[in-house]
Amino acid sequence: IAGGGRRLEAAVLQARMMLRSVTMLVAVALGDAWLSPPQGGGFLLQRQGKLGGGSAQPCAAWGSARLPGAGTARAGHTTGLSMVLADSKAGEMKVAYRTAKPKGLREAAAEGQEGLSVFQDVEELGRLLGGTGKAKLVWDSLRDGLSPWDNEEGVTPKARALLASHFEGIPGVSLETVAGDGTTKMLVDLCDGLQVESVVIPNRGKPSAQGPLKPRTTLCVSSQVGCNRACDFCATGKMGFIRQLTAHEILAQVYHGLRVVREQGLPELHNVVFMGMGEPLNNPLNVMQAATILTNDQCFGLARSKVTVSTVGPSPAAIRAAGTIPAMLAWSVHAADDDLRRRLVPTTAHTMVELRDTFHKVLSARTRQLSVFMVAVTLIEGLNDGLEQADALVELLRPLKEVTKGLVVDLIPYNDIGEGGFVRAGADNVDAFQRRVRDAGFSCFVRVTRGDDELAACGQLATGVTTTATPSAS
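Only a predicted model underlies this, so the values are computations on that prediction, with no experimental measurement involved.

**Student:** I'd like to hear about the nonpolar core, residue by residue, with values.
**Tutor:** Judged by nonpolar contacts, the single largest core of 89 residues is most densely connected at Phe119, Phe167 and Leu397. Beyond its immediate sequence surroundings of up to four residues, Phe119 is in contact with Trp139, Leu142, Ile170, His248, Leu251, Ala252, Tyr255, Ile293 and Phe300. Ranked by size, the runner-up nonpolar core spans 12 residues in total, among them Ala335, Leu340, Val345 and Phe422.

**Student:** Explain the pattern of salt bridges to me, and be specific about the residues and the numbers.
**Tutor:** Once the charged atoms of two side chains with opposite charge are near each other, the side chains can pair. One pass over the structure, following the stated rule, counts 13 salt bridges. As a salt-bridge pair, Asp140 and Arg143 come within 2.5 Å of each other at their nearest N and O atoms. Note that Asp140 and Arg143 are positioned in helix H3 (residues 132-143) at a spacing of three residues, about one turn of the helix. Relative accessible area serves as the criterion here: at 36%, Asp140 is assigned to the partly exposed category. Ionic pairing is found between Glu249 and Arg243, a salt bridge with its closest N-O pair at 2.9 Å. Under the relative-accessibility criterion, Glu249 is labelled buried at 4%. For Arg243, a relative accessible area of 19% translates into the label buried. A cluster of three or more residues bridged by salt bridges with shared partners is formed by Glu176, Arg259 and Glu263.

**Student:** Describe the packing of helix H11 (residues 387-397) against helix H12 (residues 427-439), naming the residues involved and giving the relevant values.
**Tutor:** Packed helices, taken two at a time, are described by the angle between their axes plus the distance between the axes. Running from N to C, H11 and H12 point in directions that differ by 30°, and their axes come no closer than 9 Å. Judged by the angle between their axes, H11 and H12 are roughly parallel. In the crossing of H11 with H12, the sense of the turn from one axis to the other is right-handed. Within the contact between the two elements, H11 uses Leu387, Gln389, Ala390, Asp391, Leu393 and Val394 and H12 uses Ala432, Phe433, Arg436 and Val437. Partitioning the contact of H11 with H12 into residue classes produces seven nonpolar, one polar and two charged.

**Student:** Could you give me a rundown of helix H7 (residues 284-294), with the residues and numbers involved?
**Tutor:** Residues of H7 that are buried: Val287, Ala290, Ala291, Ile293 and Leu294. Down the axis of H7, the buried set is contained in an arc of 160°. They therefore lie on one face.

**Student:** Can you lay out empty space enclosed by the protein for me, pointing to particular residues and giving the numbers?
**Tutor:** In the structure shown here, the tally under the stated rule is two cavities of 30 Å³ or more. Empty space within the largest cavity amounts to approximately 50 Å³. Around the largest cavity sit His334, Ala335, Ala336, Val377, Asn384, Gln389, Leu393 and Phe433, which together line it. Each residue belonging to the lining of the largest cavity can be placed in one class, and the counts come to five nonpolar, three polar and no charged. As a volume, the second largest cavity reaches approximately 30 Å³. Surrounding the second largest cavity, Arg229, Val312, Gly313, Pro314, Arg341, Val345, Thr347, Thr348 and Ala349 form its lining. Its residues placed into classes, the lining of the second largest cavity shows four nonpolar, three polar and two charged.

**Student:** Help me get a handle on the side chain of Asn415, residues and values and all.
**Tutor:** Of note, Asn415 is situated in the loop between strand E17 (407-413) and H12. Only 2.8 Å separates the side chain of Asn415 from the side chain of Arg424, close enough to count as a polar contact.

**Student:** Can you break down unusual backbone geometry residue by residue, with the values?
**Tutor:** Even without a glycine there, the phi angle at Ala230 is positive, about 60°. Among the structural elements, Ala230 can be located in the loop between strand E11 (224-226) and helix H5 (235-239). Even without being a glycine, His334 presents a positive backbone phi close to 70°.

**Student:** Residue-level account of the pairing of strand E10 (residues 216-220), with values.
**Tutor:** The element E10 is largely enclosed, with a buried count of four among its five residues. Pairing of strand E9 (residues 195-203) with E10 involves five bridges; the strand directions are antiparallel. The partner of Pro202 across the bridge, within E10, is Thr217. Direction of pairing for E10 relative to strand E13 (residues 269-274): parallel, over a ladder of four bridges. Each bridged residue has a counterpart across the sheet, and for Cys220 the counterpart in E13 is Val273.

**Student:** Tell me about the pairing of strand E15 (residues 328-332), residues and numbers included.
**Tutor:** Burial analysis of E15 places five of its five residues in the buried class, the great majority of the element. Residue alternation in E15 divides its side chains into two sets, Met328, Ala330 and Ser332 and Leu329 and Trp331, and both sets are buried. Here strand E14 (residues 307-311) runs beside E15; their pairing, made up of four bridges, is parallel. Bridge pairing links Ser310 to Ala330 in E15. Taken together, E14, helix H8 (residues 316-322) and E15 form a β-α-β motif whose crossover is right-handed.

**Student:** A description of the environment of Glu402 should follow, citing residues and the corresponding values.
**Tutor:** Note on placement: Glu402 falls in the loop between H11 and E17. For the pair formed by Glu402 and Ser364, sequence separation is 38 residues and the distance between their alpha carbons is 8.6 Å. Looking at Glu402, its side chain comes within polar contact range of the side chain of His360, at 3.0 Å.

Conventions adopted
- Throughout, residues of each chain are indexed from 1 in the direction in which the sequence is written.
- Two thresholds apply to this predicted model, a pLDDT of at least 70 for residue-level local features and 80 or more for giving and counting side-chain atom pairs, whereas whole-chain, interface and lining totals are computed over all residues.
- With hydrogens and water stripped out, all remaining heavy atoms of the structure feed into the side-chain values.
- Side-chain atoms within 4.5 Å link the members of a nonpolar core, which is a set of buried Ala, Val, Leu, Ile, Met, Phe, Trp, Tyr and Cys residues.
- Buried residues are those whose accessible area, probed at 1.4 Å on protein chains only, stays under 20% of the maximum for their type, while exposed residues exceed 50% and partly exposed ones sit between those limits.
- Throughout, a contact is declared for two residues whenever any of their heavy atoms are within 4.5 Å.
- One speaks of a salt bridge when a side-chain nitrogen belonging to Lys or Arg is within 4 Å of a carboxyl oxygen belonging to Asp or Glu.
- Only runs of H or I of at least four residues qualify as helices and only runs of E of at least two qualify as strands under DSSP, and these elements are numbered from the N terminus.
- Fitted lines through C-alpha atoms give the axes, limited to the stretch in contact for helices. The angle between two N-to-C directions lies from 0 to 180 degrees.
- Roughly parallel means an angle under 35 degrees; roughly antiparallel means over 145; roughly perpendicular covers 65 to 115; every other angle is labelled oblique.
- Each helix crossing is assigned a hand: it is left-handed if the near helix lies turned anticlockwise from the far helix by less than a right angle, otherwise right-handed if that turn is clockwise.
- Residues are sorted three ways: Asp, Glu, Lys and Arg are charged, Ala, Val, Leu, Ile, Met, Phe, Trp, Tyr, Cys and Pro are nonpolar, and all the rest, Gly among them, are polar.
- The arc under discussion is defined with respect to the helix axis, by the directions toward the C-beta atoms.
- For cavity detection a 1 Å grid was placed over the protein atoms alone, and a set of points counts as a cavity when a 1.4 Å probe fits there but cannot get out; an open set counts as a pocket when protein lies on both sides within 12 Å along at least five of seven lines, with lining residues being those that have an atom within 4 Å of a point.
- Grid points are joined across faces, edges and corners, and a volume is the space filled by probe spheres set on the points.
- In protein, a polar contact requires one atom able to donate a hydrogen and another able to accept it; more generally it is a pair of N or O atoms within 3.5 Å, and residues adjacent in sequence count only if both atoms are side-chain atoms.
- Paired strands, as defined in this entry, are two strands with at least two bridges between them according to DSSP.
- Here is how to tell: hold the view so the strands point away, follow the path from the first strand over the helix to the second, and if it runs clockwise the crossover is right-handed.

Listed below in structure tokens is the structure:
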């Protein structure tokens, strides 16, 4: 019996010690917390330091007792608290510790920093601004195409002050031109005086074989200033490579696209395509970061299937790295024959079969939804618009059908860039090419040229290098 009594007493003591540990953990985690004493004992809770109240007060009963001075903490202060636990058996234990700052009164981590990007996920932006509520208001403003720096009704004064003093402004747009079909080309001014172009392409909706198409807007964004792939038929390729765009500069184009949609009353932004200036897979980290923010539900909130990254396929390694980008992939083939491909894309360093086989592996590892694959071919008269080239394309692409949810061939009639030697393929050749590809079992469409009267069509984007910085929008 004596042994049983000692075991019981030891168990009771162990339980008391466990209760003390749990109580301390709760207090540390919650700061100003509601605490309750165990039966037959009592807590003495004493606040120390800046928040005042220095006398000890015992908690009243098993119910709950609010700590003295609770709710009076200010952002930036840390609450001091000492706790005395006592009961008739174990004597008294005193534990002193520092509690966390009260919930909801976080210090803005942006203080003391400069050049921060506003295009952060809500959790990180909330950490910088001192609260996720402020971050959500900023993102509400960005999604509406409204500057959070200037949106007095939608963003708190404190958040706007932090944005003004610690965050990088959104690059401005110095020129907008609207083509006859409603396509808007934007000239975006970067902080170092360089510029890129992006294009807003509205579709008002029209009847189709599948039924009426819902009105929507597509935004074409750039990923580099210039491009090093040197495609002979592309104005950007003629610029050469100047520098990478940051994720902030890529996402600034999306913000301005949303602004144009709002100001012009265009259909909702539905798709974002990385088909502007530059080779996205030569700027993988920034493109990955931009696509992640684009598809974050609390940020721009686009579905992954509504973002497309288009590439010539610089190398097998670059293609493999693209497999984790949260977006659809598109391959600018232009020619299945290796010699003709090198003529059109002089930087081609791998055979088309090597590149195709790498895409096969990447697509087979993707989710079914993200395995939809688009292949683009710019058709140039007398060069790659014949039936022989169509047959070569079919044979190149055939193995990809087994690993894709859908494979679509997009035929792009060449858009003039003022370079001699290239002419848009004739309508008859384009139609015959399309029929040959379709007869082989592939979906094949001819892209409707948009914005070519303002040099806003595929292959026509290019800017001059300037040395004078232009004003930002914020």
